[in-house]
Amino acid sequence: MTVQKATNIVWHGGNVTKNDREKLLNQKGVVLWFTGLSGSGKSTVAREVERRLYEAGHLAYVLDGDNIRFGLNRNLGFSPEDRKENIRRIGEVAKLFADAGVITITAFISPYRADRDNARALLPKGEFFEIYVKCSVEECEKRDVKGLYKKARAGEIQEFTGISAPYEEPLTPELVLETAKETLEESTNKVINFLVAQGVIKQKGDIE
Ligand SMILES: Nc1ncnc2c1ncn2[C@@H]1O[C@H](COP(=O)(O)OS(=O)(=O)O)[C@@H](OP(=O)(O)O)[C@H]1O
Ligand SMILES: Nc1ncnc2c1ncn2[C@@H]1O[C@H](COP(=O)(O)OP(=O)(O)O)[C@@H](O)[C@H]1O
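These numbers come from a predicted model, not from an experiment.

J.: Explain the site of ligand 2 here, please?
T.: Around ligand 2, a shell composed of 15 residues is seen, among which Gly39, Lys42, Ser43, Thr44 and Glu182 lie nearest. In this structure, an oxygen atom belonging to ligand 2 sits 2.7 Å away from a main-chain N or O atom of glycine 39. Here serine 43 contributes a side-chain N or O atom positioned 2.8 Å from an oxygen atom of ligand 2. Of all the cavities here, the one that holds ligand 2 is the largest pocket. Per-class residue counts for the shell around ligand 2 are four nonpolar, eight polar and three charged.

J.: Any chance you could explain the site of ligand 1 here in plain terms?
T.: Taken together, 19 residues are adjacent to ligand 1, and Ser38, Arg69, Asn86, Ser110 and Glu159 come closest. At 3.0 Å, a side-chain N or O of lysine 146 approaches an oxygen atom of ligand 1. Protein contact buries 87% of the 630 Å² of open area that ligand 1 shows by itself. Placement of ligand 1 is best described as lying within the largest pocket. Take the shell around ligand 1: its biggest share by element is three residues, from helix α4 (residues 80-99). Here the residues of the shell around ligand 1 are counted per class, giving eight nonpolar, six polar and five charged.

J.: Can you help me understand the nonpolar core in this one?
T.: For soluble globular proteins, the rule of thumb is that nonpolar side chains tend to be buried together. Of all hydrophobic cores here, the largest spans 23 residues; its most connected members are Leu32, Phe34, Leu53, Ile103 and Val191. Once residues within four sequence positions are removed from consideration, phenylalanine 34 is found in contact with Lys42, Val45, Ala46, Ile105, Thr106, Ala107, Phe108, Ser110, Ile131, Val133 and Val191. With 13 residues, the next largest nonpolar core counts Trp33, Leu63, Ala98 and Leu123 among its residues.

J.: Is there a simple way to think about the UniProt feature "active site" (unreviewed entry) in the chain in this case?
T.: Those places that UniProt annotates as "active site" (unreviewed entry) correspond, in this numbering, to Ser110. Structurally, serine 110 can be placed in the loop between β3 (103-107) and α5 (113-121). A distance of 3.0 Å separates a polar atom in the side chain of serine 110 from the backbone oxygen of phenylalanine 108.

J.: Explanation requested: helix α2 (residues 42-55) in the structure shown.
T.: Under the 1.5 Å per step criterion, the end-to-end length of α2 is 20 Å for 14 residues, consistent within 8% with the ideal 20 Å. On its buried face, α2 sits against β1 (30-35), β2 (60-63), β3, β4 (128-134), β5 (175-178) and α8 (184-197). The positive-phi residue at the C-terminal boundary of α2 is glycine 57, with phi of around 85°.

J.: Is there a simple way to think about the environment of glutamate 81 in this case?
T.: By the secondary structure assignment, glutamate 81 is in helix α4. As a C-alpha pair, glutamate 81 and valine 145 span 64 residues in sequence and 26 Å in three-dimensional space.

Rules and cut-offs
- Residues numbered from 1 in each chain as written.
- Chains lettered and ligands numbered in written order.
- Predicted model: local features only at pLDDT ≥ 70, side-chain atom pairs only at ≥ 80, totals over all residues.
- Heavy atoms only, no water.
- Near = heavy atom within 4 Å.
- Polar contact = N/O pair within 3.5 Å; in protein donor to acceptor, adjacent residues only side chain to side chain.
- 1 Å grid on protein atoms, 1.4 Å probe; cavity = no way out; pocket = protein on both sides within 12 Å on 5 of 7 lines; lining within 4 Å.
- Sits in = over half its atoms within 2 Å of the grid points.
- Nonpolar A, V, L, I, M, F, W, Y, C, P; charged D, E, K, R; others polar.
- Areas by Shrake-Rupley, 256 points an atom, 1.4 Å probe, with all protein chains shown as cover.
- Helix = DSSP H or I, 4+ residues; strand = E, 2+ residues; numbered from the N terminus.
- Core = buried A, V, L, I, M, F, W, Y, C linked by side-chain atoms within 4.5 Å.
- Buried < 20%, exposed > 50% of the residue type's maximum accessible area, 1.4 Å probe, protein only.
- Contact = heavy atoms within 4.5 Å.
- UniProt positions renumbered as here; feature names shortened; annotations may be inferred.
- Expected span 1.5 Å × (residues − 1).

As structure tokens, then:
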């Protein structure tokens, strides 16, 4: 892929600041970067966190394969280069959503540490939180939500994460969800409590 550098382009800030939008929404615009194997529970927990926040009057939005790999990134596959570009674009989109004041939840395998670190580097400290959705390959394969592990074992899918492609575990994630040990409710509560502790949202009592 040829990468063209932007020249003679000037970044425009608006008249309304991120801080203004955050006041309007009564929350901080941040990125919750979920990472984990296929079937680990990224989408399930992300959707539940989004729902719980919505019920409490907060604006959250989940970025995942449904709205990214079918649209913006429809030209990308699963080679290391394509995954890198996938994550790079998602990092940039997430940054814009956070700037809009939204609690932005990304739910992608994002198997490479360097790619996740690059996404983190796009945001100021305290606005990007890596959440490791931890679940063994064995358990994910047992769940086999989409039947992809079976296909990967049969050699029908190449470069499948955890089977024939690497997954680099986060070294210092802000939060770890152990979805084989916790219920969905427990994992969701951990995220909500974390958001309160970080000052992203205010009262825990609002989020039951
Ligand atoms: N080769 C291979 N490896 C891993 N996953 C595969 C592959 N081919 C298709 N799929 C399906 O694509 C989903 C992963 O897409 P991501 O964009 O999250 O992947 S990545 O972050 O770029 O690695 C993943 O969805 P999730 O199960 O939601 O994680 C799979 O359903
Ligand atoms: N504690 C848990 N948290 C999230 N998902 C869980 C949990 N326990 C079991 N599951 C199940 O695991 C599967 C996870 O699938 P999914 O959310 O699509 O994973 P991913 O988005 O990481 O590919 C779902 O079928 C979900 O019901």
